[in-house]
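Listed below, chain by chain, are the residues.
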Amino acid sequence: MSQSIITIDTLRKSYFMAQQAVEVLKGISFSIERNEYVALMGPSGSGKSTLMNILGCLDSPTGGKYILNGKDVSKMQDNELADVRNIEIGFVFQQFNLLPRLSAAENVALPLVYAGIPKKERLDRAQEALRKVGLDTRSHHKPNELSGGQIQRVAIARAIVNNPSLLLADEPTGNLDTKTSVEVMEIFGKIQEAGNTVVLVTHEEDIAAYAKRVIRLRDGIIEKDMQQAEFLQYAKTKHSVPA
Ligand SMILES: Nc1ncnc2c1ncn2[C@@H]1O[C@H](COP(=O)(O)OP(=O)(O)O)[C@@H](O)[C@H]1O
Ligand SMILES: [Mg+2]
């Protein structure tokens, strides 16, 4: 039986503020198969980052089920969750989060330091990850010697250096201009074509159009779940209607 990489079932998340529960995810269900390339869209405040943080094992749901690569992670404690995260997940953020005093290769190799891998192998694997994002000739550069798009590609290389089963990215093009955003989306496309599963958040339709499937959130529920062709049609029709 083929097994989905992600299955969430009636997933809920509430935040508690001043004794009040605010429900941000209101019962979300979907599956993502291995080697899919999915964009998660939705207006600001619709719960995209909350959902991504749960998918990335950075946070736990308050209800429902999350099965990641066959493991029920919804009931795990923080330390177990950290182990799963280190093995299964590569995460790319809008803020690139590179260490300024380290070279590109050293930044990429960092997750391998925590994994206890010897230095020579770390740098070889970092170099290989940099090659996958087209930056193998920049491995000795520091972040301030790279462009915004190159920095984000280094962050992507760092996210894949561990060979995670799932690559997640929350608004990875949010700080980039259009041309650079397209380059970054093409890199994600290549990574997916090489066999990885990619899930990313964007609120830009032009960017989401690069993904093979688009899931739209609104107010903590799924409004639409579309394959690429349907999404392109939907985006076109929507814009032909005057607002
Ligand atoms: N740690 C938190 N504590 C309380 N409320 C939060 C927290 N994180 C997010 N929220 C609220 O949850 C809602 C969804 O936020 P978020 O998932 O960041 O949305 P998006 O990424 O789609 O913009 C927002 O109303 C936000 O204010
Ligand atoms: Mg967000």
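Quick caveat: nothing in here was measured; it's all calculated off a predicted structure.

1. Quick look at the overall build of the protein chain
Here's step 1: Looking only at helices and strands, one finds 8 helices and 10 strands in the protein chain.
Here's step 2: Here the C-alpha radius of gyration of the protein chain, 18 Å, is about what a compact globule of 243 residues would show, namely 18 Å.
Here's step 3: Principal-axis analysis of the C-alpha atoms gives the protein chain an extent of 50 × 45 × 45 Å.
Here's step 4: By residue count, 38% of the 243 residues in the protein chain fall in the buried class.
Here's step 5: Contacts in the protein chain between residues far apart in sequence, at least 24 positions, make up 67% of those at least 6 positions apart.

2. Notes on the site of ligand 1
Here's step 1: As a matter of local geometry, ligand 1 sits amid Y15, M17, V24, G42, S44, G45, S46, G47, K48, S49 and T50.
Here's step 2: Broken down by secondary-structure element, the contributors of at least two residues to the shell around ligand 1 are β1 (6–17) and α1 (48–55).
Here's step 3: Per-element tally for the shell around ligand 1: the top contributor is α1, with 3 residues.

3. Description of unusual backbone geometry
Here's step 1: Here N163, not a glycine, exhibits a phi torsion of approximately 50 degrees, which is positive.
Here's step 2: For N163, the position within the fold is in the loop between α5 (148–160) and β7 (166–170).
Here's step 3: Residue N163 is classed as exposed on the basis of its 10 C-beta neighbours within 10 Å.
Here's step 4: A positive phi is found at E171, a non-glycine position, where the angle reads about 50 degrees.
Here's step 5: Within the secondary structure layout, E171 lies in the loop between β7 and α6 (178–193).

4. Let's talk about the sheet that holds strand β4 (residues 63–68)
Here's step 1: Taken together, the 4 strands give an open sheet; going across it, the order is β2-β1-β4-β5, and neighbouring strands pair in antiparallel fashion. One side of each edge strand has no neighbouring strand; the edge strands of this open sheet are β2 (20–32) and β5 (71–72).
Here's step 2: Bridge count for β1 against β4 is 5 bridges, and the pairing is antiparallel. Among the inter-strand pairings, I8 is bridged to a residue of β4, identified as Y66.

5. Some remarks on helix α3 (residues 104–114)
Here's step 1: Those residues of α3 that fall on the buried side of the exposure criterion are A104, A105, N107, V108, A109, P111 and L112.
Here's step 2: The inward-facing, buried residues of α3 abut α4 (119–132) and α5.
Here's step 3: Positive backbone phi, approximately 75 degrees, marks G116, located one or two places after α3.

6. Structural notes on the sheet that holds strand β10 (residues 221–227)
Here's step 1: With respect to topology, 6 strands assemble into an open sheet ordered β6-β7-β8-β3-β9-β10, the strand pairing being mixed. Either end of the sheet is taken by a strand with one partner, and the two such strands are β6 (89–92) and β10. Adjacent strand axes in the sheet meet at a mean angle of 15 degrees, parallel and antiparallel pairs treated alike.
Here's step 2: The pairing of β7 with strand β8 (residues 198–201) spans 4 bridges and is classified as parallel.

7. Quick look at the environment of K212
Here's step 1: Structurally, the position occupied by K212 is in the loop between α7 (205–208) and β9 (213–218).
Here's step 2: Distance in space between the C-alpha atoms of K212 and L110 is 31 Å, their sequence separation being 102 residues.
Here's step 3: Sequence-distant contacts of K212, that is, excluding residues within four places in its chain, are made with E36, Y37, Q227 and Q228.

8. Focus on the pairing of β9
Two faces, one strand: in a regular strand the side chains alternate between the faces of the sheet.
Here's step 1: A large share of β9 lies buried, amounting to 5 of its 6 residues.
Here's step 2: Examined bridge by bridge, strand β3 (residues 37–41) and β9 share 4 bridges and lie parallel to one another. Note on β9: the bridge partner recorded for M41 is R216.
Here's step 3: Inspection of the sheet shows β9 paired to β10 by 6 bridges, in the antiparallel sense. Each bridged residue has a counterpart across the sheet, and for L217 the counterpart in β10 is I222.
Here's step 4: A loop of 2 residues connects β9 with β10, the two strands running antiparallel in sequence, and D219 in this loop sits at a positive phi of about 50 degrees.

9. Notes on α5
Here's step 1: A rise of 1.5 Å per residue sets the reference length of α5, with its 13 residues, at 18 Å; its end C-alpha atoms lie 19 Å apart and thus fit the reference within 8%.
Here's step 2: With respect to burial, α5 is a largely interior element, 10 of its 13 residues being buried.
Here's step 3: All of the buried residues in α5 are I151, Q152, R153, V154, A155, I156, A157, R158, A159 and I160.
Here's step 4: Each element contacted by the buried residues of α5 is listed here: β6, α3, α4, β7 and α6.

Calculation criteria
- Residues numbered from 1 in each chain as written.
- Chains lettered and ligands numbered in written order.
- Predicted model: local features only at pLDDT ≥ 70, side-chain atom pairs only at ≥ 80, totals over all residues.
- Helix = DSSP H or I, 4+ residues; strand = E, 2+ residues; numbered from the N terminus.
- Rg over C-alpha atoms; globule rule 2.2 N^0.38 Å.
- Buried ≥ 20, exposed ≤ 12 C-beta atoms within 10 Å, placed from the backbone.
- Contact = placed C-beta atoms within 7 Å.
- Near = placed C-beta within 6 Å.
- Pairing = 2+ DSSP bridges.
- Axes fitted to C-alpha atoms, helices over the stretch in contact; angles between N-to-C directions.
- Expected span 1.5 Å × (residues − 1).

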